[in-house]
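# Observations on chain architecture
The primary structure of each chain is shown beneath.
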Amino acid sequence: MRISFQGWPGANSDMASRQVFPDAETVPCPSFEEALAAIHDGRADLGMIPIENSIAGRVADMHHLLPESGLHIIGEHFMRVNHQLVALPGAKLADIREVHSHVHAIGQCRQWLRARGLKPLVHADTAGAAKMVAERGDSGIAAISTRLAAEIYKLEILAGDIEDAEHNTTRFVVLSRDPVRPKPNNGPVMTSFVFEVRSVPAALYKALGGFATNGVNITKLESYMLGGRFNQTQFYADVEGHPDDQALRFALEELQFFTRNFHMLGVYPAHPFRRNPSQIAADE
């Protein structure tokens, strides 16, 4: 099995792929679009895509890319993210002038960097920053990356687990060309979808009313502007339950009565982290 992800080898998405599919081959891709395209054209069987982080929030553009991709969410994975300050072998923390990494990683280590007077510089991704440090051969620069990236690019960890918040967690979704729905009444299930509300007063209130009256829990609801128009909005939602369950079936029927362009993204098993936050894998 081959799993596509965005970034260089050693990225957090690479680590998440190895955690969920330890026997699979990971396929690095330069962009999210390329990672999704790899699934479409058969270069990868599945994709591991980050969708949100407990500190940085949603991953930009995924709300556009997922509905347009034609792919299906068949699983989710929560991973505790630990950031390492890595540099050339023999480098000293006192000699570091600047630190390169992805904007989210820098944001998640902002206080640590500021306290030490280190200059942060944004890079395309964490593993790519580690690769750049290895190639430049400058002991005055460092990267924020994973332990796996440090191992791959033969760098030393000058400081470990430098993230500002202990709850730093990223949620990934597993994407496939074909839908793979779990059976009803076979454990906790999540359902994800997008929709647009009709341009009438109280449309969103009425659309979501069915979830309240049927006792369906909405765990995520986000809105996005469409086509540069301030009066045209798309919503992304995650809800608990299976579409074959009577409660969710009734809620979705009521939702679609008040909305347009409803698109199901996936029905998949809920990760144990949702019920027990201690059930989470570290990035090492």
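Here, the structure is the one placed above.
The structure reproduced in this document is the subject of the present report. (Residues numbered from 1 in each chain as written. Predicted model: local features only at pLDDT ≥ 70, side-chain atom pairs only at ≥ 80, totals over all residues. Heavy atoms only, no water.)

## Side note on the environment of Val86
Put simply, the rule reads: A run of DSSP states H or I qualifies as a helix once it reaches four residues; a run of E qualifies as a strand once it reaches two. Both are numbered from the N-terminal end. A simple rule labels every residue: compare its accessible area, found with a 1.4 Å probe on the protein chains alone, to the largest value its type can have, and call it buried under 20%, exposed over 50%, or partly exposed in between. A contact between two residues is defined here by any heavy atoms of the two lying within 4.5 Å.
By the secondary structure assignment, Val86 is in strand E6 (residues 84-87). Residue classification places Val86 among the buried positions, given a relative accessible area of 0%. With 12 residues separating them along the chain, Val86 and Ile74 place their C-alpha atoms 34 Å apart. Not counting residues up to four positions away in its chain, the partners in contact with Val86 are Ala130, Ala142, Ala143, Ser145, Ala150, Leu155, Glu156 and Ile157.

## Let's talk about the packing of helix H8 (residues 203-213) against helix H9 (residues 246-257)
When two helices pack together, their arrangement is given by the angle between their axes and by how far apart the axes lie. This is how the line gets drawn: The convention used is that axes are lines fitted to C-alpha atoms, helices contributing only their stretch in contact, and that angles between N-to-C directions extend from 0 to 180 degrees. When describing relative orientation, an angle under 35 degrees is termed roughly parallel and one over 145 degrees roughly antiparallel, while 65 to 115 degrees is termed roughly perpendicular and anything else oblique. Handedness of each helix crossing follows the sense of rotation of the near helix against the far helix: counterclockwise by less than a right angle gives left-handed, clockwise gives right-handed. Any residue outside Ala, Val, Leu, Ile, Met, Phe, Trp, Tyr, Cys, Pro, Asp, Glu, Lys and Arg is labelled polar, Gly included; the first ten of those are nonpolar and the last four are charged.
Contact geometry for H8 and H9: axes closest at 7 Å, N-to-C directions at 170°. What the angle tells us is that H8 and H9 run roughly antiparallel. When the axes of H8 and H9 are compared, the crossing they make is right-handed. Residues Lys206, Ala207, Leu208, Gly209, Gly210, Phe211 and Thr213 of H8 form the contact with H9, whose own contacting residues are Leu248, Ala251, Leu252, Glu254 and Leu255. Of the residues assigned to the contact of H8 with H9, the class counts are seven nonpolar, three polar and two charged.

## A word on the nonpolar core
Most often, soluble globular proteins keep nonpolar side chains buried together rather than apart. Threshold: Throughout, nonpolar core names a set of buried Ala, Val, Leu, Ile, Met, Phe, Trp, Tyr and Cys residues whose side chains join them through atoms within 4.5 Å.
Ile49, Met62, Ile73, Leu175 and Tyr236 are the most contacted members of the largest nonpolar core, which has 25 residues in total. Here this core gets five residues from one element, more than from any other, and that element is helix H2 (residues 32-40). Residues within four places of Met62 in sequence aside, it is in contact with Phe32, Ile49, Pro50 and Pro67.

## Overview of unusual backbone geometry
One non-glycine residue, Lys154, adopts positive backbone phi at about 55°. Tracing the sequence through the fold places Lys154 in the loop between helix H7 (147-152) and strand E10 (156-159).

## A few points about the sheet that holds strand E7 (residues 98-101)
For the record, the criterion: Pairs of strands are assigned from DSSP output, requiring at least two bridges between the strands.
Strand order in the open sheet made by the five strands is E8-E7-E9-E6-E10, with mixed pairing throughout. Every other strand in the sheet has two partners, leaving strand E8 (119-122) and E10 as the edge strands with one partner each. Sheet twist, expressed as the mean angle between neighbouring strand axes with direction ignored, is 40°. Bridge analysis of E7 against strand E9 (residues 141-145) gives three bridges, and the strand direction is parallel. Directly across from Glu98, in E9, lies its bridge partner Ile141. Strands E6, E7 and E9 of the sheet are contacted by helix H6 (residues 126-136), whose axis makes an angle of about 155° with E9.

## Some details on the pattern of salt bridges
For the record, the criterion: By definition here, a salt bridge exists when the distance from a side-chain nitrogen of Lys or Arg to a carboxyl oxygen of Asp or Glu is within 4 Å.
This model, assessed by the stated rule, comprises 17 salt bridges. Linking Arg43 and Asp41 is a salt bridge whose minimum nitrogen-to-oxygen distance equals 3.0 Å. Here Asp41 falls in the partly exposed class, since its relative accessible area comes to 48%. Of the charged contacts, one joins Glu135 and Lys131 as a salt bridge, the two residues approaching to 2.5 Å between their closest N and O atoms. A residue pair is termed a helical-turn pair when its members lie 3 or 4 positions apart in one helix, as Glu135 and Lys131 do in helix H6 at four residues. Each of Glu52, Arg58, Glu76, Arg171, Lys220, Glu222, Asp238 and Arg274 takes part in a single network of salt bridges with overlapping partners.

## Observations concerning the side chain of Ser13
Of note, Ser13 is situated in helix H1 (residues 12-20). Residue Ser13 is classed as buried on the basis of its relative accessible area of 6%. Among residues more than four places away in sequence, those in contact with Ser13 are Phe5, Gln6, Met48, Pro50 and Phe172.

## What about the packing of aromatic side chains?
Put simply, the rule reads: Side-chain rings of Phe, Tyr and Trp (the six-membered ring for Trp) are treated as a pair once their centres are within 6.5 Å; stacked means planes under 30 degrees apart, edge-to-face means over 60, and tilted covers the remaining angles.
Tallied over the full model, the rule gives six aromatic pairs. Here the aromatic rings of Phe193 and Phe262 are separated by 5.3 Å at their centres, their planes lie at 35°, and the arrangement is tilted. On the criterion of sequence distance, the pair formed by Phe193 in strand E12 (residues 189-197) and Phe262 in strand E15 (residues 259-269) is long-range, its members being 69 residues apart. Both rings, one in Phe195 and one in Phe235, keep their centres 5.4 Å apart while their planes meet at 15°; by these two values the pair is stacked.

## Things to note about the environment of Phe273
Note that Phe273 resides in the loop between E15 and strand E16 (281-282). Taking relative accessible area as the criterion, Phe273 reaches 19% and is therefore assigned buried. Counting along the chain gives 195 residues from Phe273 to Phe78, while the straight-line C-alpha distance between them is 6.8 Å.

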